[in-house]
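# Understanding the architecture of this molecule
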Amino acid sequence: MSTKAKLLIVDDERSLRELLEIFLKKEGFAVTCGASAEEGLSLVKTSEFDVIISDIQMEKLTGIDFLREVRNTGFAGQFILLTAFASAETAIQALKMGAFDYILKTENFMEELKLVVYSALENRRLREENTYLKREFKKVH
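Residues numbered from 1 in each chain as written. Predicted model: local features only at pLDDT ≥ 70, side-chain atom pairs only at ≥ 80, totals over all residues. Heavy atoms only, no water.

## Quick word on the pattern of salt bridges
Oppositely charged side chains can pair when the atoms bearing their charge come close. Counted according to the given criterion, the structure contains twelve salt bridges. Residue E122 is joined to R125 by a salt bridge in which the shortest nitrogen-to-oxygen separation is 2.7 Å. Taken together, the residues E122 and R125, both in helix α5 (residues 109-140) and three residues apart, mark about one turn of the helix. In this structure, E136 and K139 form a salt bridge, with 3.1 Å as the shortest nitrogen-oxygen distance. Of this pair, E136 and K139 both sit in helix α5, three residues apart, which is roughly one turn of the helix. On the basis of relative accessibility, which here comes to 27%, the residue E136 falls in the partly exposed class. Classification of K139 as exposed rests on a relative accessible area of 62%. Taken together, the shared-partner salt bridges connect D11, D55 and K105 into one network. (Salt bridge = Lys/Arg side-chain N within 4 Å of Asp/Glu carboxyl O. Helix = DSSP H or I, 4+ residues; strand = E, 2+ residues; numbered from the N terminus. Buried < 20%, exposed > 50% of the residue type's maximum accessible area, 1.4 Å probe, protein only.)

Now the structure itself:
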């Protein structure tokens, strides 16, 4: 990518949020952080992001609630959920609501997260390219 992909990290655990920010900035991403779903929602309404990474377990609004609210804003980017507590039911719910992926916070989840972010960005690029090509095809035919 010629420009830095813009990521939003939303997690109420400060140390993890800062660790993710440092790790993903080292990967070359432009990173913004929010300490709550409410703060994240405010950021989504005022800035554009390619990928949102959110914890599921947060006070007040959960990551699932946050995903729902973000989708209601018309956000077209990718959404990745993180959790320390695996639940097939929550994972299925997240994916049905349009989450790109659901990652369990294991000992080595940072490398998995990096790969999933790259995959999410590629998926988004391909969707945008597909939309563009369909539009161009309609012009010709």
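The structure having been displayed, the exposition proceeds.
## Comments concerning the packing of helix α3 (residues 63-72) against helix α4 (residues 88-96)
Two quantities define a packed helix pair, namely the angle between the axes and the distance from one axis to the other. Where α3 contacts α4, the two axes come as close as 10 Å, and the packing angle between them is 10°. Viewed along their axes, α3 and α4 adopt a mutual orientation that is roughly parallel. Of the residues in α4, those touching α3 at I64, L67 and R68 are T90, Q93 and A94. Of the residues contributing to the contact of α3 with α4, the split by class is three nonpolar, two polar and one charged. (Axes fitted to C-alpha atoms, helices over the stretch in contact; angles between N-to-C directions. Parallel < 35°, antiparallel > 145°, perpendicular 65-115°, else oblique. Contact = heavy atoms within 4.5 Å. Nonpolar A, V, L, I, M, F, W, Y, C, P; charged D, E, K, R; others polar.)

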